[in-house]
Amino acid sequence: PDTSPIFNEHVGLRCANPTYKIRLMKFIDESRIEVIAGNGGKGAASFRREKYIDKGGPDGGDGGRGGSVYAVADRNINTLVDYRFARIHRAKNGEPGRGADCYGKGADDIMLRMPVGTVITDINSGEVIADLAHEGEKVLLAQGGMGGLGNIHFKSSTNRAPRQCTPGTEGETR
């Protein structure tokens, strides 16, 4: 066998053993993903209770907002290989409200880093959602749900002990 180094013009590497195969990374320039934003948390219906305070009134907190999904252009990325096997990107839901006027925690947003020049289209409608033409450009793909209202928002001079609260809204799915 020939022991002279072989030059691989595809990668630019020199290999002393001709039987050694160099694995090339595949360039992925098209991918289908599903993005699901988080739902908003449910509002709470609770009442203040302390030892020497009777009829304390409503103190239910609001639910937290659901996480949104964003696409961000990054010049350090040159392929969509990260999205080949991870097809579903789901943001977390907001936490429900609690008593003692405690509001639920809002969920964190998800940032999907994509190469500059990526065109994002909706598969169902064919609509172009965004064209990430510049470094650092940020586009909302799916809006997270809003948190529900606690019973503290429904009190008035005629309704001093409201027992209603609202559920959070659902997040978008694309």
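A quick note: this is a predicted structure, and the numbers were derived from the prediction, not measured. Sequence order as written defines residue numbering, which begins from 1 separately in each chain. With the structure being a predicted model, the display of local features is reserved for residues of pLDDT at least 70 and the display and counting of side-chain atom pairs for 80 or more, all residues being used for whole-chain, interface and lining totals. Values shown for side chains rest on all heavy atoms present in the structure; no hydrogens or waters enter the calculation.

(A) Here's a closer look at the confidence of the model for the chain. Confidence of the prediction at every residue is given by pLDDT, a number between 0 and 100. This prediction gives the chain a mean pLDDT of 80; 84% of its residues lie at or above 70. We call two residues in contact whenever any of their non-hydrogen atoms come within 4.5 Å of each other. For the stretch residues 1-17, pLDDT sits under 50, and the model shows 20 contacts to residues farther than four places along the chain or on other chains.

(B) Here's a closer look at the side chain of Asn-151. Numbered from the N terminus, helices here are DSSP runs of H or I no shorter than four residues, and strands are runs of E no shorter than two. Position of Asn-151 relative to the elements: it lies in the segment after strand S9 (138-142). Once residues within four sequence positions are removed from consideration, Asn-151 is found in contact with Ala-44, Ala-45, Ser-46, Phe-47, Pro-58, Asp-59, Gly-60, Pro-162, Gln-164 and Cys-165.

(C) Region of the structure containing the nonpolar core. By nonpolar core is meant a set of buried Ala, Val, Leu, Ile, Met, Phe, Trp, Tyr and Cys residues that side-chain atoms within 4.5 Å join together. Relative accessibility decides the category of a residue: with a 1.4 Å probe and only protein chains considered, values under 20% of the type maximum give buried, values over 50% give exposed, and everything between is partly exposed. Counting residues in hydrophobic clusters, the biggest one holds 16 residues, and the most contacted among them are Val-69, Leu-112, Met-114, Ile-120, Leu-132 and Leu-141. Contributions of two or more residues to this core are made by strand S4 (69-74), strand S6 (110-115), strand S8 (128-132) and S9. In contact with Ile-120, not counting residues within four places along its chain, are Ala-71, Met-114, Glu-127, Val-128, Ile-129, Ala-130, Leu-132 and Leu-141.

(D) Spotlight on the packing of aromatic side chains. Only Phe, Tyr and Trp rings take part, Trp by its six-membered ring, and two of them pair if their centres are within 6.5 Å. Stacked means planes under 30 degrees apart, edge-to-face means over 60, and tilted covers everything else. Tallied over the entire structure, the rule returns 0 aromatic pairs. Across the ring face of Tyr-70, the terminal group of Lys-138 is positioned such that the distance to the ring centre comes to 4.6 Å. Comment: the charge-over-ring label is applied if NZ (Lys) or CZ (Arg) is within 6 Å of the ring centre and within 35 degrees of the ring normal.

(E) Spatial organisation of the pairing of S8. Note: strand S7 (residues 118-121) against S8, 4 bridges, orientation antiparallel. Paired with Thr-118 across the two strands is Leu-132, which belongs to S8. Paired strands, as defined in this entry, are two strands with at least two bridges between them according to DSSP. Linking S7 back to S8 in an antiparallel pair, the connection comprises 6 residues, with Gly-126 at a positive phi of about 80 degrees.

(F) Region of the structure containing unusual backbone geometry. Of note in this structure, Ala-100 is not a glycine but carries a positive phi near 60 degrees. Mapped onto the elements, Ala-100 comes out in the loop between strand S5 (88-90) and S6. Phi is positive for Asp-101, close to 60 degrees, though the residue is something other than glycine. For Asp-101, the location among the structural elements is in the loop between S5 and S6.

(G) Geometry of the sheet that holds S9. Pairing in this open sheet of 3 strands is mixed, and the strands run S6-S4-S9 from one edge to the other. Each edge of the open sheet is held by one strand with a lone partner, namely S6 and S9. Ignoring which end each strand starts from, the neighbouring axes of this sheet average 30 degrees apart. Throughout, an axis means a line fitted to C-alpha atoms (over the contacting stretch in the case of helices), and angles, computed between N-to-C directions, take values from 0 to 180 degrees.

(H) Quick peek at the pattern of salt bridges. Take a side-chain nitrogen of Lys or Arg and a carboxyl oxygen of Asp or Glu: if they are within 4 Å of each other, that pair is a salt bridge. Applying the stated criterion across every chain, the model contains 3 salt bridges. Residue Arg-65 pairs with Asp-109 through a salt bridge whose shortest N-O separation is 3.3 Å. In this pair, Arg-65 is assigned in the loop between strand S3 (34-36) and S4 and Asp-109 in the loop between S5 and S6, connecting sequence segments 44 residues apart. The salt bridge involving Glu-95 is made with Arg-98; its shortest N-O contact spans 3.8 Å. Judged by relative accessible area, Arg-98 falls into the partly exposed class, the value being 43%.

(I) Local environment of the environment of Lys-138. Looking at the element boundaries, Lys-138 is found in strand S9. Of the residues examined, Lys-138 reaches a relative accessible area of 48% and is grouped as partly exposed. Along the primary structure Lys-138 and Met-111 are separated by 27 residues, whereas in three dimensions their C-alpha atoms are 8.7 Å apart. Not counting the four nearest positions on each side in its chain, Lys-138 is found in contact with Tyr-70, Ala-71, Val-72 and Met-111.

(J) Geometry of the environment of Ile-110. Looking at the element boundaries, Ile-110 is found in strand S6. In this structure the C-alpha to C-alpha distance between Ile-110 and Ala-142, which are 32 residues apart in sequence, comes to 9.9 Å. Once residues lying within four places of it in the same chain are set aside, the contact partners of Ile-110 are Ser-68, Val-69, Tyr-70, Arg-90 and Ala-91.

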